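Here is what each chain is made of, one letter per residue.
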Amino acid sequence: MGMFSPAPRLVAVLGPTNTGKTHLAIERMLGHKSGMIGFPLRLLARENYDRIVKLRGARTVALITGEEKIVPPNPSYFVCTVESMPLDRSVDFLAVDEIQLCADPERGHVFTARLLHARGSAETMFLGADTIKPLMRRLVPEFEHISRPRFSTLVYTGHKKVTRLPRRSAVVAFAVADVFSLAELIRRQRGGTAVVLGALSPRARNAQVGMFQAGEVDYLVATDAIGMGLNMDLDHVAFARTAKFDGRGPRRLTAAELAQIAGRAGRHMSDGTFGTTAEQGPLDPEIIEAVETHRFDPLTRLNWRNLRLRFESIDALLKSLDQRPSLPGLVQARTADDHRALQALARSRAVAELANNRAAVRLLWEVCQIPDFRKVMTDTHTRLLAHIFTRLAGPEEQLPTEWIAGQIRNLDRADGDIDTLMARIAHIRTWTYITHRSDWVRDATCWQEQTRGIEDRLSDALHDRITQRFVDRRAAFLVRRLASDDELIASVSAAGEVRVEGAYVGRLDGLRFVPDAIDGIEMRMVNAAANRVLRSEIGVRARGLAADADPAFAIDATGQLRWRGGVVGRLVPGERMLTPRVEAVAGDFVEGEAREKVRQRLAGFARAEIERRLAPLSTLLDLPLSGIARGLAFQLADALGTLPASTVSREIAGLDRVNRAAMSRLGVRFGTETIYVEPLLHADAVRFRGLLWAVRHGQGVPALPGARRLARAIKADSSVPASFYAAIGYFVAGGLALRADRLERLARRARQLSRAGPFAADHRLAAIAGIEGDALRRWLMALGYRAVIDGGMETFVLRPRRRGDSARREVPRPQREGHPFAKLRELKLA
């Protein structure tokens, strides 16, 4: 009896996502002695290659993609991207996944070619959506069709705000800017999100998905890149947009395309949900029903491109690419990247001169198929292709090693932002593709290892950048713990760090809990957990503060009272500058009697500290002075140590020798212009006096220069009240403030010079006052001198008294009440 071989089996396994089609195809392939399967994505090919290696061993399986080739000596099975399938090899079994991509505007012609021409000797299987079934029956009627029902159901749940989306949700947008803005929002509100873009390398994409799968984050923001090749534990898919730019213009996604993405929710037997979010309104009822029931309009046309290319010339090749299909249901494919590259290079005279024979034209076509992974086909990519072709078509017929090294070396940098790293990864993937042409480069294996290593380093850096920008790991951890039913554990370290479940949530500053701003956290719940340990800890601290000694306290430059570094109170206005009140700064856990004890302890310290830092005033008030002298001492203390002599001229005149001597021994100086306490003119005392003025007036402390500059004249700020300069011991005229002792030296020297007649404002006088030029001139006029021209030179003489002037010209009464620096009508005060 004659033996005959059975006819090859042609099978189409069609159905929605999550129906086990890929698992069935791999199982069928491994049942044959040899096989080949094509996937739409490199990462899918790699994932399934790894799965088959575990089952059959690395020696039996080859991986072939545009950028990666792992081919053992005699492999039985080939796992490939659809474009890279080595169809010149005969295999028993052949399969293509996602065959409905025959309708894709960019790559559809490749899938259509596989549908029409790729066959296994024993069995051929195409996997995909039901939408291609009518056209497949028309074009390949001998196919046996098997429908696969979805293991789980999909249910529409309507529109939800981004901040209200359930855990294990994916948010889908189509523009990178939208993806990033949504990811930022989720980071702020929920602690973080993984991000998946089509422009990510497979390694970076897998790292982001791995973070989601491991539960480090509960949300994922993605483009339609999640529609294929990513199997995740997703419960809900929310569309932030339902329109995309398809290379020509914006268009709305079809119900089948929405279902492909929504189908990521619910895996195996777990049901999933889908809906809308952000600014996207609710879906139309017809679309909802189609997605939930998996019933979509069938495809009406598949993209086709002529495979019988002519290489006699560039023009012949272009004409053959433009050939139209003859079968109904097929349409000429949109001009693909390789076709556009050929059109661009055909306009180059250098390229046209070299592509003058069949072999050169075929080589040019192979060069045009070098992918631009940035998907923009810029002039830069076209120039790269032209350079590669002219080198390969030249005498050496290979790419120069030094040139390749320079190109690759420029990409081996892990610095830069997300966009920069994605651009570098796209470039290095192009070079990975080029170096897999062993006939184009010397030592191809070495170059492949280098480019893959660079891609891995860039991918790791990109994953880190995305994670740093869009994930707050601490907040994400707390979000998960808050969502559980377990009681949260809180603790306070010796340094005052407050932790909940080991995560830092704030610190104790004195007697207050200062929470750390944590994006995406309901702080009320964190505070509730922290409060259980804070109440007892703050109580212990309050008792310790009340019993502590003065060295543990301090008054800082802003008037805050600190205890062991933490803020526990502040100075607030009292009846006088010298006697501010104290207000405790404590949290809700310090109440009633405990709070009053804290306040009293702080008030006691503040009094002692003011007495210490302004000790001469305290000592002055304690002197056994007589009536007039005692009144003068109180005025001096109230003014923090400096008074214009004009305001207390009668008191000074009434001082007896004994009281004057007693005050002088404490450093009180009686000048013709001022009365001041000399020890309180040093920089530290001046700053502290300024602080007490600011507290009394409820203002911030005006800025003052350094200690060395304070000893001389300082620029007066016109926006600062005059009373401030009075409080710190300075007089103002002509925009400059002079310290009291400097003013007295200037006045004394001017009087000495005037006794001999007109005098010049020379450098010696300037050195005494610490001022010169116009400022010195103004100060002399403020002291009662007028300028006269003597022999062509400006000199100064004391103004003659007029009727009604005071007996001492230099020290008149104040011009207006409450102005401590008012002296003369000519004295302009700040």
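Calculation rules
Residues numbered from 1 in each chain as written. Predicted model: local features only at pLDDT ≥ 70, side-chain atom pairs only at ≥ 80, totals over all residues. Heavy atoms only, no water. Helix = DSSP H or I, 4+ residues; strand = E, 2+ residues; numbered from the N terminus. Expected span 1.5 Å × (residues − 1). Buried < 20%, exposed > 50% of the residue type's maximum accessible area, 1.4 Å probe, protein only. Arc of directions from axis to C-beta. Contact = heavy atoms within 4.5 Å. Pairing = 2+ DSSP bridges. Axes fitted to C-alpha atoms, helices over the stretch in contact; angles between N-to-C directions. Core = buried A, V, L, I, M, F, W, Y, C linked by side-chain atoms within 4.5 Å. Salt bridge = Lys/Arg side-chain N within 4 Å of Asp/Glu carboxyl O.

Residue pairs three or four apart in sequence face the same way in an α-helix, which turns once every 3.6 residues. Here helix α21 (residues 627–638) contains 12 residues, and its C-alpha end-to-end distance of 17 Å stays within 8% of the 16 Å for a straight helix at 1.5 Å per residue. For α21, the set of buried residues is A629, L632, A633, L636 and A637. Looking straight down α21, one finds its buried side chains confined to an arc of 135°; they lie on one side. Taken together, the buried residues of α21 touch α20 (615–622), β27 (642–644), α22 (649–653), α23 (657–665), β28 (668–670) and β29 (674–677). Phi turns positive one or two residues past the end of α21, at L640, with a value near 65°.

One open sheet holds the four strands; their spatial order is β19-β20-β21-β22, and the pairing between them is antiparallel. Each edge of the open sheet carries a strand with a single partner, namely β19 (490–492) and β22 (512–515). Mean inter-strand twist for the sheet, computed between neighbouring axes without regard to direction, equals 30°. Bridge count between strand β20 (residues 497–500) and strand β21 (residues 503–509): four bridges; the pairing is antiparallel. Across the sheet, the residue bridging to V498 is G506, located in β21.

This part covers the nonpolar core. Counting 77 residues, the largest nonpolar core has L511, L602, L614 and Y725 as the members making the most contacts within it. Among the elements that take part in this core, helix α24 (residues 683–697) stands out by supplying nine residues, more than any other. Not counting residues within four places of it along the chain, the set of residues in contact with L614 comprises L578, L640, L680, A685, F688, R689 and L692. Counting residues in each nonpolar core, the second largest holds 63 residues, with L200, L363, C368 and A405 among its members.

As a further point, take the pairing of strand β25 (residues 566–572). Counting buried positions along β25 gives six out of seven residues, so the element sits mostly inside the fold. Where strand β24 (residues 560–563) meets β25, four bridges bridge the pair, whose relative direction is antiparallel. Bridge pairing in β25 places W563 opposite G566. Turn length for the β24-β25 hairpin, with the two strands adjacent in sequence and antiparallel, is two residues, and the turn residue R564 shows positive phi of about 50°. Across four bridges, β25 lies against strand β26 (residues 581–584) in antiparallel orientation. Within the sheet, the bridge partner assigned to L571 lies in β26 and is V582.

This part covers the environment of S147. Turning to its location among the elements, S147 is positioned in strand β8 (residues 144–147). Under the relative-accessibility criterion, S147 is labelled partly exposed at 48%. Note: C-alpha distance between S147 and T19 (128 residues apart in sequence) is 9.4 Å. Setting aside its immediate chain neighbours within four residues, S147 contacts L14, D130 and K133.

On to the pattern of salt bridges, then. Applying the stated criterion across every chain yields a total of 49 salt bridges. With a shortest N-O distance of 2.7 Å, R429 and E67 are connected by a salt bridge. Remark: E67 occurs in the loop between β3 (61–64) and β4 (69–70) and R429 occurs in helix α15 (residues 418–435); sequence separation between them is 362 residues. Here R429 and E67 have matching classes, each one buried. The residue R576 makes a salt bridge to D638 at a minimum N-O spacing of 2.6 Å. Of the two residues, R576 sits in the loop between β25 and β26 while D638 sits in helix α21, which places them 62 residues apart along the sequence.

One open sheet accounts for three strands, arranged β27-β29-β28; its pairing is antiparallel. Each having just a single partner strand, β27 and β28 make up the two edges of the open sheet. Neighbour-to-neighbour, the strand axes of this sheet turn through a mean angle of 10°, independent of strand direction. Bridge count for β27 against β29 is three bridges, and the pairing is antiparallel. Bridging across to β29, T642 finds its partner in Y676.

Functional significance is not addressed by these values, which are geometric in nature.
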